Amino acid sequence: MRKGKTFKSLALLLALCMIVASFTGCSPKKDPLTIWVGVESVDFYTAKMAEYVENYKEKTGESFPFPISVQGVDTASAASKVLDDIDAGADIFTVAHDNLPKLTAGASAIAPVRSEALLAQINADNPDEFLNVIDMIVQGTEYTFGVPYISQSLVLMYNTKYLTKDDVKTWEGIWAAAKKNNMQSASLTEAGGFNNSFLVLAINESTGKMPAIIYENGETENCYFTSDDTVAIMQWGQRFFTDQNGGKMPTDSGWEIELRDEISLSVIAGAWKYNAAKAALGENLGIAILPSFTLTADDVEGTNVKAGTVYRSGSFTDCKVFVMKKGSDKAEYLEDILLFLSSIKIQEQSFIECANLPAYKNAITEFPSMRADTLEADLALKQIEMFSYGIPQPFGNPTAHFYYYSKGAPDLIREILENKESLFGTTAAIRTQLQKIENIWKTGER
């Protein structure tokens, strides 16, 4: 009797465990291999991983040992999520390359690439600009940590109902159309150090030089933001943002509504905002590189810059990379997955289906889809054109990244542009504020 009861009890417990396991994944083999990508790309990469699993079975004769879960996570927050709780992080996740320093600080939260096949593919497929920002030094040794698969830059998305292709070549052309139609020239999606960088990173059209120096050679002290050129650019920017038909800082209504309701004529944004812009403007959506602007006598007052000098709005031109969580119990499978997901073939398919700009260095000449007569192809081309007017985010260490974005410098730039409380209406006041910004970039303090 006791043996029978014991056997029945064990059988019942085993059955319960199996049921629980099927829902909770309590068995190590049932825990999913997780991959984080941008929200806009979840369906695409879910389908690609289903294809990978099928190929794996054909190649090995065995089923892939883990279920796979592709999840949408904001790229900007993925690194912080992992650093807050590494155990809860995905096995593979997407970050912008400038997050690599903080992810590799100390003992490192991510694993280096060791596969010779993957390293060879990375080196063969990517431009030097990307290869220069995906290696990090950990405990005295340099490793490759990032696997580029998407590139990005800011562009102008605009309303073709009111703006022609000639209008959007210059901010003055957009500004004139805005005055004519009693609208705002452009909305910002966000006023932080990335999305409001088009004046900070402005480039002299004649010399090709960017007045701002931001962490040159990866050195925290190597910043310069107090030149006469920068003062003049900021004085132009203040004139633009304080005019009722000029630039529009972020509001509670949101840039999408401002486009849809014809409050603003354009928005400065990246490809990740493309679907939202298309939803707002429909067939009236146009894409252009960021416009140029010409300094007037008022803009150059108090500087040695000549009136009539032309600048082109600039952008950070970055790559998004896949990285691998350090200590993943599925580590032996991750690099082969990344070899597949970052391949040229998948990058082109990602462009076709999600409008993700490839990181592949020859995409513009080799991908037929990028030469098609489509708005998506135009978006890709304009982003690539912006690579001539931008720099990769030059954050060679986590301190620089923190100082640039999180110690108040973007707020001080906004104060100049909006002339907050009428405190920045003089050249002297702007110079003083620019010095505070430069100090923050260098030291984290004003």
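Remember, predicted model here, so these are calculated numbers, not experimental data.

Engineer: For this particular structure, what's the right way to read the overall build of the chain?
Structural biologist: Scanning the chain from terminus to terminus reveals 17 helices and 18 strands. A globule of 446 residues ought to have a C-alpha radius of gyration of about 22 Å, and the chain, at 25 Å, matches this closely. Taken over the C-alpha atoms alone, the chain extends approximately 100 × 50 × 45 Å along its principal axes. Evaluated residue by residue, the chain yields a buried proportion of 53% over its 446 residues. About 20200 Å² of surface is accessible on the chain, with carbon and sulfur atoms providing 51% of the total. Separation between the mean location of the 40 positive side-chain charges and that of the 57 negative ones in the chain comes to 6 Å.

Engineer: Just to check I follow, could you spell out unusual backbone geometry for this structure?
Structural biologist: A positive phi is found at tyrosine 215, a non-glycine position, where the angle reads about 55°. With respect to the element layout, tyrosine 215 can be found in the loop between β10 (203-204) and α8 (228-242). Take tyrosine 215: its relative accessible area is 1%, and that puts it in the buried class. Of note in the backbone geometry, glutamate 421 takes a positive phi value of approximately 55° without being a glycine.

Engineer: I keep staring at the confidence of the model for the chain and nothing clicks. Help me out?
Structural biologist: Regions with low pLDDT should not have their predicted coordinates read in detail. Looking at the chain, the pLDDT average stands at 91 and 93% of residues meet or exceed 70. Counting interchain partners and residues more than four positions distant, the pLDDT-below-50 stretch residues 1-28 has 6 contacts.

Engineer: I keep staring at the domain arrangement of the chain and nothing clicks. Help me out?
Structural biologist: Many analyses report the size of an interface as the accessible area lost when the parts associate. Here the chain is partitioned into domain 1 (33-151 + 318-380) and domain 2 (154-316 + 407-443). Inter-centroid distance (C-alpha atoms) of domain 1 to domain 2 is 31 Å. Contact residues are listed per partner, giving 6 residues for domain 1 and 9 residues for domain 2. Three residues stand out in domain 1 for area buried against domain 2, namely Asp318, Leu375 and Leu379, and they jointly supply 60% of the buried area on that side. Note that glutamate 376 and lysine 278 form a salt bridge whose closest N and O atoms lie 3.4 Å from each other. Applying the counting criterion to the domain 1 and domain 2 interface returns 2 residue pairs in polar contact (both at pLDDT 80 or more). In terms of residues, the side of domain 1 that touches domain 2 owes the most to one element, helix α14 (residues 375-386), which gives 4 residues. For the side of domain 1 that touches domain 2, the residue count by class is 3 nonpolar, no polar and 3 charged.

Conventions and cut-offs
- Residues numbered from 1 in each chain as written.
- Predicted model: local features only at pLDDT ≥ 70, side-chain atom pairs only at ≥ 80, totals over all residues.
- Heavy atoms only, no water.
- Helix = DSSP H or I, 4+ residues; strand = E, 2+ residues; numbered from the N terminus.
- Rg over C-alpha atoms; globule rule 2.2 N^0.38 Å.
- Buried < 20%, exposed > 50% of the residue type's maximum accessible area, 1.4 Å probe, protein only.
- Areas by Shrake-Rupley, 256 points an atom, 1.4 Å probe, with all protein chains shown as cover.
- Lys, Arg positive; Asp, Glu negative; His and termini not counted.
- Charge placed at Lys NZ, Arg CZ, Asp CG, Glu CD.
- pLDDT = per-residue confidence, 0-100.
- Contact = heavy atoms within 4.5 Å.
- Domains from an automatic or database assignment.
- Buried area = accessible area lost by both parts, 1.4 Å probe.
- Salt bridge = Lys/Arg side-chain N within 4 Å of Asp/Glu carboxyl O.
- Polar contact = N/O pair within 3.5 Å; in protein donor to acceptor, adjacent residues only side chain to side chain.
- Nonpolar A, V, L, I, M, F, W, Y, C, P; charged D, E, K, R; others polar.

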